[in-house]
Structures are given as structure tokens and as C-alpha cells.
Amino acid sequence: MSDKYDVIVIGAGPGGYVAAIKAAQLGLKTACVESWTSEEDGKQVLGGTCLNVGCIPSKALLEISHKYEEAGHGFADQGIELNDLKVNVGKMMERKAGIVKQLTGGIAGLFKSNGVTSIHGHGKLLANRQVEVTDKNGKKTVYEADNVVLATGSNPIEIPPAPLKEGLIVDSTGALEFDEVPKRVGVIGAGIIGLELGSVWSRLGSEVTMLEALDTFLPAVDQQVAKETLKQFKKQGLNIQLKARVTGTSVNRKVITVKYEDSKGEQELKVDKLIVAVGRRPHTDNLLSADAGVNLDERGFIFVDDQCQTDAPGVWAVGDVVRGPMLAHKASEEGIMVVERIAGHKPQVNYECIPNVIYTHPEVAWVGKTEEQLKSEGQAYKTGTFPFAANGRAMAANSAMGLVKILADEKTDRILGFHVVGPQASEMVAQGVIAMEFGSSAEDLALTCFAHPTLSESVHEAALAVNDGAIHIANRRKKK
Ligand SMILES: Cc1cc2nc3c(=O)[nH]c(=O)nc-3n(C[C@H](O)[C@H](O)[C@H](O)COP(=O)(O)OP(=O)(O)OC[C@H]3O[C@@H](n4cnc5c(N)ncnc54)[C@H](O)[C@@H]3O)c2cc1C
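In this text, all values refer to a predicted model and were calculated from it rather than measured experimentally.

Undergrad: Would you explain the overall build of the protein in this entry?
TA: When its secondary structure is counted, the protein shows 13 helices and 22 strands. On C-alpha atoms alone, the protein measures out to a radius of gyration of 24 Å, which is about the 23 Å that the 2.2 N^0.38 rule sets for 480 residues. Taken over the C-alpha atoms alone, the protein extends approximately 70 × 60 × 45 Å along its principal axes. Counting over 480 residues, the protein shows a buried share of 52%. Of the contacts formed within the protein by residues at least 6 apart in sequence, a portion of 62% connects residues at least 24 apart. For the protein, the exposed surface amounts to about 23,200 Å²; the carbon and sulfur share of it is 49%. For the protein, the distance from the average site of its 52 positive side-chain charges to the average site of its 60 negative ones is 2 Å.

Undergrad: Can you walk me through the packing of helix H3 (residues 55-73) against helix H4 (residues 89-114) in this structure?
TA: Following both chains from N to C, one finds H3 and H4 inclined at 140 degrees, their axes separated by 9 Å at the closest point. For the pair H3 and H4, the sense of crossing is right-handed. Contacts from Ile56, Pro57, Ala60, Leu61 and Ile64 of H3 reach H4 at Met92, Met93, Arg95, Lys96, Ile99, Val100 and Leu103. Classifying every residue of the contact of H3 with H4 by side-chain character gives 10 nonpolar, no polar and two charged.

Undergrad: What should I look at first to understand the sheet that holds strand E12 (residues 245-252) in this one?
TA: Hydrogen bonding along the main chain pairs the strands of a sheet, whether they run parallel or antiparallel. One open sheet accounts for three strands, arranged E12-E13-E14; its pairing is antiparallel. Here the strands that pair on one side only, and so sit at the sheet edges, are E12 and strand E14 (265-271). Looking at each pair of strands side by side, their axes are set apart by 20 degrees on average, direction ignored. By the bridge criterion, seven bridges tie E12 to strand E13 (residues 255-262) in an arrangement that is antiparallel. What sits directly across from Asn252, in E13, is Val255.

Undergrad: Sorry if this is basic, but what is going on with the site of the ligand here?
TA: Among the 39 residues in the neighbourhood of the ligand, the closest are listed as Gly15, Glu34, Thr49, Lys59 and Gly123. Within the side chain of His122, one N or O atom sits 3.4 Å away from a nitrogen atom of the ligand. Side-chain polar atom of His329 to an oxygen atom of the ligand: 3.4 Å apart, as the coordinates give it. The protein chains hide 94% of the 1,000 Å² of surface that the ligand would expose on its own. At the level of secondary structure, the elements contributing two or more residues to the shell around the ligand comprise helix H1 (14-25), strand E2 (30-34), helix H2 (48-53), H3, strand E4 (122-125) and helix H8 (328-342). Take the shell around the ligand: its biggest share by element is four residues, from H2. Residue composition of the shell around the ligand, grouped by class: 16 nonpolar, 19 polar and four charged.

Undergrad: Got a minute to help me understand the pattern of salt bridges in this structure?
TA: Here the idea is simple: oppositely charged side chains can pair when their charged atoms come close. Overall, the coordinates contain 14 salt bridges when judged by the stated rule. Note that Asp222 is salt-bridged to Lys405, the shortest N-O span being 2.8 Å. Of the two residues, Asp222 is situated in the loop between strand E10 (207-211) and helix H7 (223-235) and Lys405 in strand E21 (residues 403-409); the sequence distance between them amounts to 183 residues. Judged by relative accessible area, Asp222 falls into the buried class, the value being 0%. Lys405 gets classed as buried once you look at its relative accessible area, which sits at 0%. One salt bridge in this structure joins Glu228 and Lys231, with 3.3 Å as the shortest N-O distance. With Glu228 and Lys231 both in helix H7 and three residues apart, this pair spans about one turn of that helix. Classification of Glu228 as buried rests on a relative accessible area of 15%. In the salt-bridge network here, residues are joined through shared partners; they are Asp222, Glu371 and Lys405.

Undergrad: Explain the sheet that holds E10 to me, please; I cannot follow it from the model alone.
TA: Strand order in this open sheet of five strands is E8-E15-E9-E10-E11, and the pairing throughout is parallel. Sheet topology places strand E8 (169-170) and strand E11 (239-241) at the edges, where each strand pairs with a single neighbour. Against the sheet, helix H6 (residues 192-203) engages strand E9 (184-188), E10, E11 and strand E15 (273-276), with an angle of about 165 degrees to E10.

Undergrad: Would you explain the packing of aromatic side chains in this entry?
TA: This structure, assessed with the given rule, holds three aromatic pairs. Seen in terms of ring centroids, Tyr5 and Tyr143 are 6.4 Å apart; in terms of plane orientation they differ by 55 degrees. Their pairing is tilted. Within this pair, whereas Tyr5 is found in strand E1 (residues 4-10), its partner Tyr143 is found in strand E6 (residues 140-150), the two being separated by 138 residues in sequence. Summarising the burial analysis for this pair, Tyr5 and Tyr143 share the class buried. Relative to Trp201, the ring of Phe178 has its centre 5.0 Å away and its plane inclined at 45 degrees; by these criteria the two rings are tilted. Here Phe178, found in the loop between helix H5 (172-175) and E9, pairs with Trp201, found in helix H6; they are 23 residues apart in sequence, far enough to count as distant. Classification of Trp201 by relative accessible area gives buried; the value is 0%. In this structure, Lys29 is placed above the aromatic ring of Tyr5, and the distance from its NZ or CZ to the ring centre is 4.9 Å.

Undergrad: Even after reading the chapter, I still don't get the state of the cysteines, so can you show me in this structure?
TA: Here, the word disulfide means a covalent bond between the sulfur atoms of two cysteines. Using the criterion set out here, one finds one disulfide in the structure. With its sulfur 2.4 Å from that of its partner, Cys50 forms a disulfide with Cys55. The disulfide joining Cys50 to Cys55 has a torsion of about -130 degrees about its S-S bond and is therefore left-handed. Residue classification places Cys55 among the partly exposed residues on the basis of a relative accessible area of 27%. Unpaired in terms of disulfides, Cys353 finds its nearest cysteine sulfur in Cys308, a separation of 17 Å. The buried category is assigned to Cys353, whose relative accessible area is 8%.

How each quantity is defined
Residues numbered from 1 in each chain as written. Predicted model: local features only at pLDDT ≥ 70, side-chain atom pairs only at ≥ 80, totals over all residues. Heavy atoms only, no water. Helix = DSSP H or I, 4+ residues; strand = E, 2+ residues; numbered from the N terminus. Rg over C-alpha atoms; globule rule 2.2 N^0.38 Å. Buried < 20%, exposed > 50% of the residue type's maximum accessible area, 1.4 Å probe, protein only. Contact = heavy atoms within 4.5 Å. Areas by Shrake-Rupley, 256 points an atom, 1.4 Å probe, with all protein chains shown as cover. Lys, Arg positive; Asp, Glu negative; His and termini not counted. Charge placed at Lys NZ, Arg CZ, Asp CG, Glu CD. Axes fitted to C-alpha atoms, helices over the stretch in contact; angles between N-to-C directions. Left-handed = near helix turned anticlockwise from the far one by under 90°. Nonpolar A, V, L, I, M, F, W, Y, C, P; charged D, E, K, R; others polar. Pairing = 2+ DSSP bridges. Near = heavy atom within 4 Å. Polar contact = N/O pair within 3.5 Å; in protein donor to acceptor, adjacent residues only side chain to side chain. Salt bridge = Lys/Arg side-chain N within 4 Å of Asp/Glu carboxyl O. Phe/Tyr/Trp six-rings, centres within 6.5 Å; stacked < 30°, edge-to-face > 60°. Lys NZ or Arg CZ within 6 Å of the ring centre and 35° of its normal. Disulfide = S-S within 2.5 Å.

Geometric values such as these leave the question of function open.
Put into C-alpha cells, the structure is as follows:
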């Protein structure tokens, strides 16, 4: 038996590393176990999916590819002429890797300065909150803790018709590593990850075809917003096929043939790279001994209550490995809630106010309910929308597409949903999150002074449109 801790966290992604830092700040003796090992130098890698192969690298490539696309297609209209525009994929990847290294190294520094003990190895929960760690040489050490936080994240789902094939049929991790711009890219799954990765390669010049089995585009998104988004993506040349179910793949001389069925019958698509982005599954491989006392739900997630407590006393689970949206900020908020509870506080994550973002161009972001959800719940509501086409700042930025949409309770005027498709939607949605956290009405936002000219004025106008009417568009006359 080795050291005893107040808290041992297993997994150093946004759920785990944030929980570990917060626990240490609250004065708890904390260790964090992480098994990820760098192929380059055999050292431990912190930051989880998000920092290494998820949020950060995808955003780095989205930013760079957007600049390239804009320079190629958007600059000339603004009087900026460029010749010989080229993309150097090697350099782009180097920059992405540099950002990842800086951030993951930053977590190691934060662990040190907060006094978190970092343990490199695979963690397994035994009975009575004992954690067995197997290091990369196979040596096992058992640690003891009063509380254990499981934050082991998720892995991409693989599908039998499209088994991965090194460098050709890849998951999201492989799609962030191409060493040149493929001529033709296929993407299975038109969800958030598929759309972001498809956009990166499309902007850099690939011909991108996305095959989505469902017949509704972005079903979790407000459908007015989803329709506007689809229109913009089509304009950009993303070939999104709905109701297209992949049945098989074959590879011949580095060309991948994808067989799929759509409403017209059997179809074939030939591509040079195929990205499988159909979703992610919770990661619990070799995590729990039979007597650990932790149960999984029917979909393989660790079963927890609203406060992230598992069935075993003193054992908690957060992030992608438990129910709820698979988002980095949701994982971190749960991590903080759990360790504050361990320290005797009584916080609660407000699952109603977790923002969602798709970092395409235009960006799509929302918080709260969609119009479809309100309808199906029988909730009476009012709507206010405002298009960026009538926003001076968006026009000046050559980015006047999309809209802001606010949904409010018919009687109380309380904001129930906040949706943005358009420039900087990822930043704008924070206004909706804050408003909803404070129980704001649409009128509260309408009475607030917004700087001019800013994109945020569209929020003001959408809030005005919910009740008395926006100033800068013609409003439909409301029925009395
Ligand atoms: C391409 C892509 C883009 C994304 N973009 C975004 C985005 O823009 N915004 C957003 O909010 N979310 C995004 N996500 C989702 C986000 O990455 C996850 O929601 C987030 O990483 C979940 O955090 P987590 O801590 O639960 O798990 P993870 O980040 O998956 O971390 C889990 C960690 O646990 C370690 N581990 C697992 N088992 C063990 C064990 N037994 N012992 C020791 N260590 C173990 C793993 O090695 C890993 O480091 C993206 C994901 C992908 C794939």
C-alpha cells in the first residue's frame, strides 16, 4: 500500500484535470492518474481528448483553413488582391502541434503549482476506493483515497461497414493528421465533429461528400437555424447527403469505394480519404474491478445521479463517461461540482444552461430549448429573430449571414432558448447563457444598452422582436 489521498482522479481530460486542480485549491490532497503516453518520448500526456485530438487541434485547423478560404474567395471583393495563394499543410500541422504542446505542458505546470500529484499509468478502481495503477512497464501500485473521481472520457465509435485503415479510412484523430490536401474526402456522419472536419478539408480544396443516415439535418438544433446552416454549407460546396446509409467500403490502390443506400437505391462514392464520424462511446475499458460497486447504464455510461455520484460511496464520475452532452465545458463543470461537494459545499450543475457550439463558418451556437422542443412539450412561447444581413458590423466584416433567435415564455417572457447562426456565434451564445442563468426575460435584454456597431446588437434586436418589435427590420404585425 502506498500513499493515501483525499481525492484520486482517473483521467486528465477537461473533466479530470479541472477536478484535480480545483480539489487541490480546496485544500484536498489530490492525485491524478493518466495513462496517455507520448509516442515521441514516452512521457505522460495530459489534457485528454479535448486538448490533444479534439477541441483545440480541430479549432486550430478550422481557424487556419478559414483564413485560407477567405483569402482565396472573400478578399478580392474587399479590394485585397493576392497572387499565388498556397497552403503548406506541413507548416499548418506544425502550428497545430505547437499549440497542443503549449497547452498540455501548461496543465503539467498547473498541476505542479497547485500541488496535484500526477501519476503516469492505467488506473483501475478496486473495492473500497482503492486505485490500482499499472505503469508502462507493467508495474502495479495500489493507492488509497477517501474519494475517487472517474473521468476516463470517450472514444470514437467504429462501424462494421467502414473499419479503420491506417491513413485512408480514419476517425477524427486521423482526420486531424492528413499530410496533404486530399482530392476527394468522404465523411460518414454529418454531426458536429463531421461538419467541422469536413469544413477544414473542403476549405483547403478537397471535394467533400458527407453521408448522413438520418433524414433530418442537425436534429438537435432549432430547425429554422439548421435550415439556414444547411443553406450556407451548400453554398460553400459541402455536399451533404441525408438519408444515406453506408453499407460497405473497399480499398483498391489507395482509392476507397463507399457503398451506401439512399432513397434512390444503392449508390457508390469514390474518395481518397474517408472520415468516420458517427459518434463517440464512453471509455471504461479495464476501469472497474467486479467488486468496485460501480454500475454502467444500458448504453455503457457509468451510472450517476444528478450530482455525479456513482452507486459506490465516495466514487464519482464526470464528463463524457457519464450521461449528458459530450462537451468539454460540461465535463469541467461536473468536475468542479464533484470536488466542491467532496469539500462539503452544495453546488449543482445547471444542465439547462450548457451552451453548444459548432465551429463551422458560419458558426452555430445555442443554449436552452429549440422551437421543436417547446412545441412537443406543449409550452406556449414567443419568438424574436434578427438577421445579420441587417447588422452594420456584420456587413463591415463581410460576414452578414445567419440570424439570432430568441424564444421566450408566452406569459412570463422568461428566455427559454437562445440560438445563433452567424459570425462569432460561439462568443455571442455566452450572452444567452448569462441571461438564462440570471432568469432574464426578453424585455430585460431589450432594455439593455448594447454598443454600436457590434454583432451583439443582433441579440438586442432579437430580444426587442420578441415583444414590441425590432427597430432595424420591418416587423410582422403581431395579432392583438
Ligand atoms: C475532433 C473533436 C473535436 C471536439 N471539439 C469540441 C469542442 O470544440 N468543444 C467541446 O466542448 N468539446 C469538443 N469535443 C469533445 C471533447 O473533447 C470532450 O467532451 C471532452 O474531451 C471530454 O472530457 P473528459 O475529461 O470527459 O474526457 P477526455 O478528454 O476523453 O479525457 C479522458 C482521459 O482519461 C484517460 N484515461 C482513460 N481511461 C484511463 C484509465 N483507466 N487510467 C488512466 N487514464 C485513463 C484518457 O487517456 C484521457 O486522457 C471534441 C471532440 C473531438 C473528438
